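Each chain is listed here by its residues.
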Amino acid sequence: MIPRRLLQSVAPVFSTIRPRRRPMSSFTISAEGGPAPIPVRSVPDLTKDDLLRFPAFNIWLSTLRRSLDRQRNPAHEFHKDPYVLRGIDIQAVDVFGGGRLGFVKMKSVVSTEGGETLPGSVFLRGGSVGMLLILQPDDVPPSAEDEKHAILTVQPRIPAGSLAFSEIPAGMLDDSGSFAGGAAKEIQEETGLKIPQSELIDMTSLALQSVPANEDDEMLQKAVYPSAGGSDEFIPLFLCQKRMSRADIEGLQGRLTGLRQHGEKITLKVVPLKDLWREGLRDGKTLAAWALYRGLREEGKL
């Protein structure tokens, strides 16, 4: 039984987040060669212009359209009864500071003429960047792999129910700038280290160079997709290897960083590179970065 005092304390909070029942709005967007415009039903606070200015939505829509268009090829598995995007239902939105659209929860209807449908619930949040930041004492040869360390950030991640989640430095991309620029910015904000973009290696793009080119391949982002069954989020993974004095490396251990005004409360954790997979095993991008690093080294590309 929940204590009455607790219920009384949370009641005002629940009253502030109770969803308002307001009429939905409707509009259509161009199908770009499709059979008809795509109908969109949206929450009243999101206009057609707002949606079409949201980079995450545009990337998702253009990628899906390219994939659906591939069904025109007679060799495609779905050519005889192709799937079509028939509608979009915008269910909820989150707005960041300055009125910038942040997250969108929606359901898309993708079906065939025969009535077969594909799961279409999508949490739109757009691209992020992740950085594998490797530090090595400057008193050993660069080839001394056993002397390398990686930086993890330990911070609250409420969606995971955690107040101390370990992961490589990462962050969402804003509406402008390059992936490398976003990576350099996040490294500085989360670790305090200023890294020139020229020192960053895009491991995902480098690894994709080994994938045989095929003009019929889906044109996905050059990134990893941590939760493709429910979210559009894609994460290019960068590598930065930096030589520093042992004292400077030790000085990073336990340092408090992050943008406090944005709710970031980050503690740095320096771990041996060989233990990175174990220290960050709950974080998908950390494991992906570790695997890419090892794979690229084995192929002689790093």
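Residues numbered from 1 in each chain as written. Predicted model: local features only at pLDDT ≥ 70, side-chain atom pairs only at ≥ 80, totals over all residues. Heavy atoms only, no water.

Let me state the cut-off plainly: UniProt positions are given in the numbering used here, feature names are shortened, and annotations may be inferred rather than shown by experiment.
The name an unreviewed UniProt entry gives the protein is Nudix hydrolase domain-containing protein, with Aspergillus candidus as the organism. As its UniProt record puts it under Cofactor (unreviewed entry), the protein is described as follows: "Mg(2+)".

## Quick word on the overall build of the protein
Quick reminder of the rule: Numbering goes from the N terminus for both helices and strands, where a helix is a DSSP run of H or I of at least four residues and a strand is a run of E of at least two. Exposure classes here rest on a 1.4 Å probe applied to the protein chains alone. A residue is buried below 20% of its type maximum, exposed above 50%, and partly exposed in between. Contacts are assigned to residue pairs that have any heavy atoms within 4.5 Å of one another. All accessible-area figures derive from a Shrake-Rupley calculation using a 1.4 Å probe, and residue coverage is judged against the displayed protein chains alone.
Each helix and strand counted, the protein has eight helices and 14 strands in total. Across the 302 residues of the protein, 38% fall into the buried class. Long-range pairs, those at least 24 residues apart, make up 58% of the contacts in the protein between residues at least 6 apart in sequence. In the form shown here, the protein has an accessible surface area of approximately 17,600 Å², with 54% of it arising from carbon and sulfur atoms.

## Focus: the pairing of strand β3 (residues 84-95)
Stated precisely, the cut-off is as follows: Paired strands, in this sense, are two strands between which DSSP finds at least two bridges.
Bridge analysis of strand β2 (residues 38-42) against β3 gives two bridges, and the strand direction is parallel. For Arg 41, the partnering residue across the bridge sits in β3 and is Asp 89. As paired elements, β3 and strand β4 (residues 101-111) share ten bridges and run antiparallel to each other. Its bridge partner lying in β4, Asp 94 is registered against Phe 103. Hairpin connection, β3 to β4: the antiparallel pair is bridged by five residues, and Gly 98 has positive phi, about 80°.

## Considerations on the environment of Gly 254
Relative to the helices and strands, Gly 254 is located in the loop between α6 (246-252) and β13 (256-257). Owing to a relative accessible area of 38%, Gly 254 belongs among the partly exposed residues under this scheme. With near-sequence residues (within four places) excluded, Gly 254 lies in contact with Thr 267 and Leu 268.

## Comments concerning the pattern of salt bridges
Condition: The term salt bridge refers to a pairing of a side-chain nitrogen on Lys or Arg with a carboxyl oxygen on Asp or Glu at a separation within 4 Å.
If you walk through the whole model with that rule in mind, you get 17 salt bridges. Asp 89 is the partner of Arg 41 in a salt bridge, and the nearest nitrogen-oxygen pair spans 3.1 Å. In this pair, Arg 41 is assigned in strand β2 and Asp 89 in strand β3, connecting sequence segments 48 residues apart. The salt bridge involving Lys 269 is made with Glu 279; its shortest N-O contact spans 2.9 Å. Linking Lys 269 in strand β14 (residues 266-272) with Glu 279 in helix α7 (residues 276-279), this pair joins segments that are ten residues apart in sequence. Note on Glu 279: relative accessible area 30%, which makes it partly exposed. In this structure, a network of salt bridges that share partners links the residues Arg 157, Glu 167, Asp 283 and Lys 285.

## Here we look at helix α8 (residues 284-298)
Which entries qualify depends on this criterion: Given a helix with a known number of residues, its expected span is that number minus one, times 1.5 Å. An arc is given here, and it is the one of the directions from the helix axis to the C-beta atoms.
Over its 15 residues, α8 runs 21 Å from end to end, which matches the ideal 21 Å to within 8%, given 1.5 Å per residue. Turning to α8, its buried residues number three or more, namely Lys 285, Thr 286, Ala 289, Leu 292, Tyr 293 and Leu 296. Across the axial projection of α8, the buried residues extend over an arc of 130°, all falling on one side.

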